[in-house]
Amino acid sequence: MKRILLLIAAICFITPLFAATPFEPRETWPYLYENFMPGAVRTSSGALIAEGKYNVCIADGSLHYIAEDKVMKADMASIFTAMVGEDVYVKVRGAMYKVLAENDYGSIIEGVEVDWDEMNKVEVGYGVSVSSSSKHGLNVFALESGGNVNILNERIQVVQDNKMRGKVVPLKVTTYIYCHNRLTRASKSDVLDLPGIDKKDAGDFIKKEKIKWRKTDSLLKVLEYIGTHTAE
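So, a few notes on the structure that sits alongside this text. (Residues numbered from 1 in each chain as written. Predicted model: local features only at pLDDT ≥ 70, side-chain atom pairs only at ≥ 80, totals over all residues. Heavy atoms only, no water.)

1. Brief notes about the overall build of the protein chain
Move 1: Helices and strands together make up the secondary structure of the protein chain, namely 7 helices and 12 strands.
Move 2: For the protein chain, the residues scored as buried account for 44% of the 232 residues in total.
Move 3: Of the contacts made within the protein chain by residues no fewer than 6 positions apart, 60% connect residues no fewer than 24 positions apart.
Move 4: Accessible surface computed for the protein chain: about 12600 Å², of which carbon and sulfur atoms make up 49%. (Helix = DSSP H or I, 4+ residues; strand = E, 2+ residues; numbered from the N terminus. Buried < 20%, exposed > 50% of the residue type's maximum accessible area, 1.4 Å probe, protein only. Contact = heavy atoms within 4.5 Å. Areas by Shrake-Rupley, 256 points an atom, 1.4 Å probe, with all protein chains shown as cover.)

2. Some words on unusual backbone geometry
Move 1: For H180, which is not glycine, the phi torsion reads 55 degrees and is therefore positive.
Move 2: Along the chain, H180 turns up in the loop between strand 11 (171–179) and strand 12 (182–185).
Move 3: A positive phi angle, near 60 degrees, is found at N181, a position not held by glycine.
Move 4: Relative to the assigned elements, N181 resides in the loop between strand 11 and strand 12.

3. A short note on the pattern of salt bridges
Move 1: Here the structure, examined in full by the defined rule, presents 7 salt bridges.
Move 2: The salt bridge involving D60 is made with K73; its shortest N-O contact spans 3.2 Å. On the criterion of sequence distance, the pair formed by D60 in the loop between strand 2 (48–56) and strand 3 (63–67) and K73 in strand 4 (residues 70–73) is long-range, its members being 13 residues apart.
Move 3: For D60, a relative accessible area of 29% translates into the label partly exposed.
Move 4: For D204, the salt bridge goes to K200, with nearest N and O atoms at 3.1 Å. With D204 and K200 both in helix 6 (residues 199–208), this residue pair falls 4 residues apart, about one helical turn.
Move 5: On the basis of relative accessible area, D204 is assigned to the partly exposed category, the value being 40%. (Salt bridge = Lys/Arg side-chain N within 4 Å of Asp/Glu carboxyl O.)

4. Side note on the pairing of strand 4
Move 1: Of the pairings in the sheet, the one linking strand 3 to strand 4 comprises 4 bridges and is antiparallel in character. By the bridge assignment for strand 4, A67 is matched with K70.
Move 2: Between the end of strand 3 and the start of strand 4, which pair antiparallel, lie 2 residues, with E68 showing a positive phi angle near 55 degrees. (Pairing = 2+ DSSP bridges.)

5. Some remarks on the nonpolar core
Move 1: Grouped together as the largest cluster of nonpolar side chains are 18 residues, with contacts concentrated most on V56, L63, I79, V84, Y89 and M96.
Move 2: When residues of this core are traced back to their parent elements, those giving at least two are strand 1 (37–43), strand 2 and strand 5 (79–84).
Move 3: The element contributing the most residues to this core is strand 5, with 3 residues.
Move 4: Among all residues touching V84, those that are not within four sequence positions of it are Y33, M37, P38, Y54, N55, V56, L63 and Y89.
Move 5: Grouped together as the second largest cluster of nonpolar side chains are 17 residues, V191, I197, I206 and Y225 included. (Core = buried A, V, L, I, M, F, W, Y, C linked by side-chain atoms within 4.5 Å.)

6. Observations regarding helix 7 (residues 216–229)
Move 1: Relative to the 20 Å expected for 14 residues at 1.5 Å per residue, helix 7 spans 20 Å between its end C-alpha atoms, a close match to the ideal helical length.
Move 2: Buried residues of helix 7: S218, L219, V222, L223, Y225, I226 and G227, and no others.
Move 3: Elements that come into contact with the buried residues of helix 7 comprise strand 7 (95–103), strand 8 (106–114), strand 11, helix 5 (188–192) and helix 6. (Expected span 1.5 Å × (residues − 1).)

What follows is the structure, given as structure tokens:
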């Protein structure tokens, strides 16, 4: 399997070595990063597009960029990997996933999406929230549309001026094991349910290795196990 981090390594020189400031996306700024970050894209054909400014849209996992001072959506069909700041992303099922680690069998990746259940809760007072059957507001519609309303093709300065006006968007963060072009949630039950996996043997492996499902080092062991016990 192609190593994602090696493929993207050639463009590291264009990005400053600093960590992105923790940021809570908002209805008016549906992005993982507080600002569009220096980065680059490698296409599925191997071509390299460098010296751009990018961000990941939480509404649909698409990659957005700045062109002629306007916010644009990348052609997701042609993207293979991207670097945003110092983070590396790979496209899986049409969305960008952050690469946490990898080996010869695949990678451990992280997906971030809008938590619509939390988004739909309505504050009724005294710190109590209840679920609402309707999503309301233009900004929520913008999120559902992949951030296309009042964001795409708009001048970046206008979008930035409105950045902090929307409500904070709750997120769901999920870690996955990506092997043989198959996306598996990093959990014991999901791994045991994989086609081709012997549940008893896998269970013994998990117990013997004392797998911790929130630890990347442990997940790399599971990734290797999946890679050697399932067919491509």
